[in-house]
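Each chain, letter by letter, is given below.
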Amino acid sequence: MNKLPSNSRPKSLRRILITGGAGFLGSHLTERLLARGDEVLCADNLFTGSKDNIRSFQTHPRFEFLRHDVTLPLHVEVDEIYNLACPASPVHYQRNPVQTIKTCVHGAINLLDLALRTDAKILQASTSEVYGHPNQHPQVESYWGHTNPIGLRACYDEGKRCAETLFFDYHRQHGVAIKVARIFNTYGPRMHPDDGRVVSNFIVQALRHQPITLFGDGQQTRSFCYVDDLIEGLIALMDGPATVVGPVNLGNPSEFTIAQLAALVIELTGSRSTLTYRPLPSDDPRHRCPDITLAGNTLGWTARVALREGLARTIRYFDTLLAHSDDVRGNHQGA
Ligand code: NAD
Ligand code: UDP
């Protein structure tokens, strides 16, 4: 039998690049793709991601980590690209807004060029933020959105909108095989405890019996998708029919006020936390809820995990994490 050269791979083995693979969603996607038998190259500059998120894969024979900033070109051989690189929490993406917009725009150009060179299929992790302050509710993909191009959220909203434009122009002009997912608020284990997003903030505050910080009157709404559902949606879109390029909304259509979320977290944690009101950040969208009919009809996908169940799983994760970090802190203080 002829021996294969050591660098050749079976044709069936897909080599998949995940940018932002050390982040919250990226690490879950990595886990799923490794479990299904793919080879995963994770490229991340660790701005908001963490090696802790990928520690359990580091010794996996089909996993490789590359410290890389997507604002710079990347030369690798891949079959598929999931472009997830970008801070997602308003606190983090507003910390260095110029870097955020470069990540969205230069990152998209560099990865689309890579897809073009290698003939790879590429998926963009876009966002419900492209709808801005929506005056259509729930949001359907055909709605063009209502964004403020010069506000504090614009580095992210407009960056992601421009990235979508680039994806469709590379598709029309160069025939690149694209997929665009518009992700609505997703939560779950491996969010960073200091991430700043509402679910992780409330759970950490509740577990520590600290005041729960409600921004504004708490009557603004969001629709929360559990991470496992979202990852299934991303993979269904990537693997779905070539004609389904998107944009496709992925999210859970059950809508809650932020005050309802706070009450549920307090109930599920049995916390003694009280509520404290803080000013509403500028341009904070009043309502957000996905219409997921398109994902259902074209991909057979729907969100399955109810908020109460997803929160319970996420609370268990943070409970263990905080107990461990409090132990470590206690040991250091005692030393
Ligand atoms: P996250 O902050 O946990 O992960 C983002 C990852 O990208 C991090 O590991 C970070 O270090 C990396 N990164 C940032 N800038 C980079 C750069 N210039 N080069 C290389 N790596 C870089 O956030 P997440 O929730 O996992 O979000 C992942 C993607 O999904 C993002 O693109 C985000 O915009 C999108 N998204 C997420 C949500 C959500 O609710 N989680 C909603 C809408 C869209
Ligand atoms: N929010 C809040 N308290 C917090 C963090 C967030 O009331 O500690 C609110 C925030 O103003 C927004 C909603 O929760 O209305 C969701 O915020 P997040 O940052 O999670 O996501 P996004 O605004 O991007 O949807």
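Not measured: the values here are computed from a predicted model.

K.L.:
Describe the site of ligand 1, with residues and values.
P.N.:
Taken together, 30 residues form the shell around ligand 1, and within it L25, D44, T48, Y156 and T186 come nearest. Contacts to ligand 1 include V70, whose backbone N or O atom sits 2.9 Å from a nitrogen atom. Between an oxygen atom of ligand 1 and a side-chain N or O atom of R197, the distance comes to 2.9 Å. A total of 820 Å² of accessible area belongs to ligand 1 in isolation, and the protein chains cover 97% of it. Going through the elements one at a time, helix 1 (24–36), helix 4 (97–118), strand 5 (121–127) and helix 5 (154–174) are the ones with two or more residues in the shell around ligand 1. Element by element, the count of residues in the shell around ligand 1 is highest for strand 5, at three residues. Residues belonging to the shell around ligand 1 are distributed by class as follows: 14 nonpolar, twelve polar and four charged.

K.L.:
Break down the nonpolar core for me, with residues and values.
P.N.:
Looking at soluble globular proteins, one finds that nonpolar side chains tend to be buried together. By size, the foremost hydrophobic cluster in this structure holds 60 residues, and its most contacted members are Y82, L234 and L311. If you tally residues by element for this core, the top one is helix 7 (residues 227–239), at seven residues. When neighbours within four sequence positions are excluded, Y82 is seen to be in contact with I16, L17, I18, T19, L29, L33, L123, L234, I235 and M238. V70, C86, V176 and V245 belong to the second-largest nonpolar core, a separate cluster that totals 31 residues.

K.L.:
Provide a residue-level description of helix 7, including the pertinent values.
P.N.:
Compared with an ideal rise of 1.5 Å per residue, which puts 13 residues at 18 Å, helix 7 spans 18 Å between its outermost C-alpha atoms and is within 8% of the ideal. Of all the residues in helix 7, the buried ones are V227, D229, L230, I231, G233, L234, I235, L237 and M238.

K.L.:
Provide a residue-level description of the pattern of salt bridges, including the pertinent values.
P.N.:
A full pass over the atoms with the stated rule returns 21 salt bridges. Notably, a salt bridge pairs R153 with E129, separated by 2.8 Å at the nearest N-O pair. Placement of the pair is R153 in the loop between strand 5 and helix 5 and E129 in the loop between strand 5 and helix 5, with a sequence separation of 24 residues. Across the pair, E129 and R153 agree in class, each one buried. The partner of E164 in a salt bridge is R182, and the shortest N-O contact between them spans 2.7 Å.

K.L.:
Summarise the site of ligand 2; cite the residues concerned and give the values.
P.N.:
Taken together, 18 residues are adjacent to ligand 2, and V198, T213, F215, R222 and D284 come closest. Contact between ligand 2 and R153: an oxygen atom at 2.9 Å from a side-chain N or O atom of the residue. The side chain of D284 places a nitrogen or oxygen atom 2.6 Å from an oxygen atom of ligand 2. Alone, ligand 2 offers 510 Å² of accessible surface; in the complex the protein occludes 95% of this. Looking at the shell around ligand 2, the elements that each hand over two or more residues are helix 6 (198–207) and strand 8 (212–215). Here the residues of the shell around ligand 2 are counted per class, giving seven nonpolar, five polar and six charged.

K.L.:
Tell me about unusual backbone geometry, and name the residues and values.
P.N.:
Of note, the amide linkage connecting H137 to P138 takes the cis form, showing an omega dihedral of -10 degrees. In this structure, the amide linkage connecting G246 to the following residue, P247, adopts the cis form with an omega of -5 degrees. Mapped onto the fold, P247 is located in the loop between helix 7 and strand 11 (248–250). Residues other than glycine seldom take positive phi values, yet R190 does so here, at roughly 80 degrees.

K.L.:
Please give an account of helix 5 that cites residues and values.
P.N.:
If you check helix 5, its first and last C-alpha atoms are 28 Å apart, about what 21 residues at 1.5 Å a residue would give, namely 30 Å. Positive phi shows up at G175, right after helix 5, with a value of about 75 degrees.

Thresholds, definitions, all that
- Residues numbered from 1 in each chain as written.
- Chains lettered and ligands numbered in written order.
- Predicted model: local features only at pLDDT ≥ 70, side-chain atom pairs only at ≥ 80, totals over all residues.
- Heavy atoms only, no water.
- Near = heavy atom within 4 Å.
- Polar contact = N/O pair within 3.5 Å; in protein donor to acceptor, adjacent residues only side chain to side chain.
- Areas by Shrake-Rupley, 256 points an atom, 1.4 Å probe, with all protein chains shown as cover.
- Helix = DSSP H or I, 4+ residues; strand = E, 2+ residues; numbered from the N terminus.
- Nonpolar A, V, L, I, M, F, W, Y, C, P; charged D, E, K, R; others polar.
- Core = buried A, V, L, I, M, F, W, Y, C linked by side-chain atoms within 4.5 Å.
- Buried < 20%, exposed > 50% of the residue type's maximum accessible area, 1.4 Å probe, protein only.
- Contact = heavy atoms within 4.5 Å.
- Expected span 1.5 Å × (residues − 1).
- Salt bridge = Lys/Arg side-chain N within 4 Å of Asp/Glu carboxyl O.

Bear in mind that shape data such as this cannot, by itself, settle questions of function.
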